[in-house]
Amino acid sequence: MAVLNKIRQRSLFLILIIALALFSFVLADLFKNSDALTSKSQNIVATINGKDITREDFVQKVEVAQRNAGPSATNTQIANRIWDQEVRKAIMESQYEELGISVEQDKMRDLIKASLATNPQFLNEAGLFDENKLNEFIANLKEIAPQPGFFNGQPITYSDWTNYEQNIASGALQQNYYNLVKAGLTGTLAEGELEHKLDGNKVDVKYVQVPYISIPDSTITVSKSDISAYIKSHKKQFEVEASRDIRYVEFKEEATLEDEEAIKAELEMYLNGRLVDETGRKDTIVAFSQVENHADYINLIASSNQKFEDRFVFKNNLPTEFADSIYNLNVGEVYGPYKHDGSFKLTKLIAEKNIPDSAKVRHILIPFLGARSATPEVTQTEVEAEATADSLLTVLKKDRSKFPEFVKEFSSDQGSVENEGRYDWHPYNTMVPEFNDFEFEGNVGDLGVVKTVFGFHIIEIEGQKDKKRAVKVGTISRKIEPSEATINEVFRNASKFEVDVDKKDFQEVATEAGYTVRPINGIKILDENITGIGSQRQIVRWTFKDETEVGDISRFTIPSGYAIVQLVAKHDKGLMAVEDASATVLPEIRKEKKAQMIKDRISATTLEDVAAAENTSVRSASAITMKSPTLSGAGREPLVVGAAFGLAEGETSGLIVGDRGVYMIQVTKVTPAVELDNYQAAANRVEQRKTGAVTTKVYNALKATADIEDNRAKTQVQ
């Protein structure tokens, strides 16, 4: 009780102690993870010249771009593209604001009109742009938001439209900005005169070259301190981002020869048929050659990787290396098993007929609600559309001259309306199957209604060319892939290697097991690809995690199996390490040392004496200009040529250190450029060169001086 009384008496003191302890714990965690002090680092992808790019906005734009691009680009490629766009936008907007450039409402309307001036969706009956149609379209988008409307036959939301307007405004602002910059660029007469003289002033010289290659590299000693000093004196050249070095062993899940033989054996079972299985259980499989219902057999019974297509094809549509063998089969015969495109296949020739290789038709498309590419204006049901098509067909059978008139009034196929509904000569299998079958299996002059995914087509066959043999084939295909036993073995091998390298040297274990180690150096934080295994952001992220230490090993599942990866080195942002810079620096330092050796050993002051002392010859070069600083027989030498233009006629230089050797030159003739009465033409050329470089050089200069805080890695948007 006495103890409890003391605790009660000191309760305030204890509360303070506990509070301080909790506070210190929270502070420690905050300082350990400084990003927790502010949510900005998690929600802001970048800050550019004080402007924030939010994570939500950035991710949304990446997702939209990814949908538009489809599988043709990876997420990282799309994210990098959006990053470049957003950086440019932020940098340029800061310039617009500083200069007070904007696009007012009236100007915006003019820009949209110019952009949509020929768009059929906004033209009146006279073929002129109708602003009322545009206003109605925008108002409708706003009213139905977030549901989409249609623009150029494609779905578009009100948000998409505002982005479209912003892009037009951004383009106009950028053009205005560049025009302002160009307006301030001129070529002065003094610049024109300089341009003329750089091109027209010429000198003839005699020279002696003592090439660096005359001194063997093996005689030049370069120390680490030499390389380090060179790096420090050329800092800009050797500044590098943070990077990582790794090495990995790949364990591929690939089909073995045994797996391939098993797949071939399965196909031979379909080739020959089977009455009972290995256990004696009745399990009849009809031989492929005896099958009549090919669609069911191939798609269901044989479970082929290649679905049956009930279409005829010409010889050039068959697999090139097997075309002769398949095309020359008799109806009902089977070719295979053969290996093609990563699969084993059996192909049966099912039927043959003579078919034109090209056709010419005209058509009228009557769409219905739910048909592919049907626009919001389509109101007819499928039954109503079919009735419309049938009624038009009835009229056309009596008077085909009405075809062009009906095309303009009824057809929704904008790709053929301007050509009276006509598709000129096109090859077999160009159109959707039902359309294709009608135009190639019918006869010239046939007129009929055909239903496709786009609606009901009234088709007239106007011409057919070059009938030749076509074949219908069915193919049973089995993809060549590893068996479950092979997959399990690969998993066991990868697991064993992962365990072994945790105890022994990575390279040593790989060598003992006969595995190939792939070293990959210089991985950057936003890289995507790992040489040899493709897109692997998961590996890149792992190497840059704070908790991943040099020597750590991790297993990654990759499309082809597994990769066991070891982090070999971490390189911080800053100057390149001596070891990494050696390949670049060594030749330069050797060149500097060779130049000094050559200068130290030459005491002669005339070309002839230098040539005699160095066992070389005096050479000549004529009509050298500053615009093209090249010495015939020696190559491009800007410093040497520049020195020549600083000498008077007959004057000899001292020793000059050039790119390919040490030189001594003598100017034998000076030919000044012809004096002009006016240098305006040359000044105009200077101005054109300046203005032509505006769109690239101005932005690059603005970007180089911009304050860009890149948080993509922290916010994990890539």
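Once that is clear, we can look at the environment of Trp 83. Following the sequence through the fold, Trp 83 ends up in helix α5 (residues 75-99). If near-sequence neighbours (up to four positions away) are discounted, Trp 83 is found in contact with Val 45, Ala 46, Phe 58, Ile 708, Asp 710 and Arg 712.

Before going further, it helps to spend a moment on the pattern of salt bridges. Side chains carrying opposite charge are able to pair once their charged atoms draw close together. The tally for this structure, following the rule as stated, stands at 31 salt bridges. Linking Lys 224 and Glu 579 is a salt bridge whose minimum nitrogen-to-oxygen distance equals 3.6 Å. Here the residue Lys 224 occupies a position in helix α10 (residues 224-233), and Glu 579 occupies one in helix α21 (residues 578-601), the gap between them amounting to 355 residues. Each member of the pair, Lys 224 as well as Glu 579, is classed as exposed. Across the pair Lys 339 and Glu 260 runs a salt bridge whose closest N-O atoms are separated by 3.4 Å. In this pair, Lys 339 is assigned in strand β11 (residues 334-340) and Glu 260 in helix α11 (residues 257-272), connecting sequence segments 79 residues apart. Taking relative accessible area as the criterion, Lys 339 reaches 46% and is therefore assigned partly exposed. On the basis of relative accessible area, Glu 260 is assigned to the buried category, the value being 16%.

On to the sheet that holds strand β16 (residues 518-524), then. Strand order in the open sheet formed by four strands is β16-β7-β20-β19, with antiparallel pairing between adjacent strands. The outermost strands of the open sheet, each flanked by one partner alone, are β16 and β19 (553-558). On average, adjacent strands in this sheet sit at an angle of 35° to one another, irrespective of strand direction. Here β19 runs beside strand β20 (residues 561-571); their pairing, made up of six bridges, is antiparallel. The residue of β20 that forms the bridge with Arg 555 is Ile 564.

What follows is about the confidence of the model for the chain. Taken over all residues, the pLDDT of the chain has a mean of 88, while the share at 70 or more is 92%. This stretch, residues 1-15, has a pLDDT under 50; its non-local contacts, to residues over four places away or in other chains, come to one contact. Note on residues 17-39: pLDDT under 50 across the span, and five contacts to partners over four residues away in sequence or across chains.

A separate point is the nonpolar core. By size, the foremost hydrophobic cluster in this structure holds 26 residues, and its most contacted members are Ile 48, Phe 58, Ile 91, Met 92, Tyr 177 and Tyr 178. Mapped onto this core, the elements with two or more residues apiece are β1 (44-48), α4 (55-69), α5, α8 (158-183) and α25 (694-705). Looking at this core element by element, the count peaks at nine residues for α5. Dropping the residues within four chain positions of it, Ile 91 is found in contact with Ile 48, Asn 49, Tyr 699, Leu 702, Lys 703, Ala 706 and Ile 708. Counting residues in hydrophobic clusters, the runner-up holds 18 residues, among them Phe 368, Ala 374, Phe 403 and Phe 456.

In this section: the packing of helix α14 (residues 382-398) against helix α15 (residues 403-410). One way to put it is that α14 packs onto α15 with a least axis distance of 10 Å and a crossing angle of 160°. Accordingly, the angle class assigned to the pair α14 and α15 is roughly antiparallel. The chirality of how α14 crosses α15 is right-handed. Across the interface between the two elements, Leu 392, Val 395 and Leu 396 from α14 touch Phe 403, Phe 406 and Phe 410 from α15. Each residue belonging to the contact of α14 with α15 can be placed in one class, and the counts come to six nonpolar, no polar and no charged.

With that settled, consider helix α20 (residues 537-544). In terms of residue burial, α20 counts as a mostly covered element, since six of its eight residues are buried. What α20 keeps buried is the set Arg 537, Ile 539, Val 540, Trp 542, Thr 543 and Phe 544.

A few words on the packing of helix α9 (residues 189-200) against helix α24 (residues 680-692). The N-to-C vectors of α9 and α24 enclose an angle of 95°; their axes lie 7 Å apart at closest approach. Between α9 and α24, the crossing angle belongs to the class labelled roughly perpendicular. Facing Leu 189, Glu 191, Gly 192 and Glu 195 of α9, the residues of α24 in contact are Gln 680, Ala 682, Ala 683, Val 686, Arg 689 and Lys 690.

Rules of the game
Residues numbered from 1 in each chain as written. Predicted model: local features only at pLDDT ≥ 70, side-chain atom pairs only at ≥ 80, totals over all residues. Heavy atoms only, no water. Helix = DSSP H or I, 4+ residues; strand = E, 2+ residues; numbered from the N terminus. Contact = heavy atoms within 4.5 Å. Salt bridge = Lys/Arg side-chain N within 4 Å of Asp/Glu carboxyl O. Buried < 20%, exposed > 50% of the residue type's maximum accessible area, 1.4 Å probe, protein only. Pairing = 2+ DSSP bridges. Axes fitted to C-alpha atoms, helices over the stretch in contact; angles between N-to-C directions. pLDDT = per-residue confidence, 0-100. Core = buried A, V, L, I, M, F, W, Y, C linked by side-chain atoms within 4.5 Å. Parallel < 35°, antiparallel > 145°, perpendicular 65-115°, else oblique. Left-handed = near helix turned anticlockwise from the far one by under 90°. Nonpolar A, V, L, I, M, F, W, Y, C, P; charged D, E, K, R; others polar.

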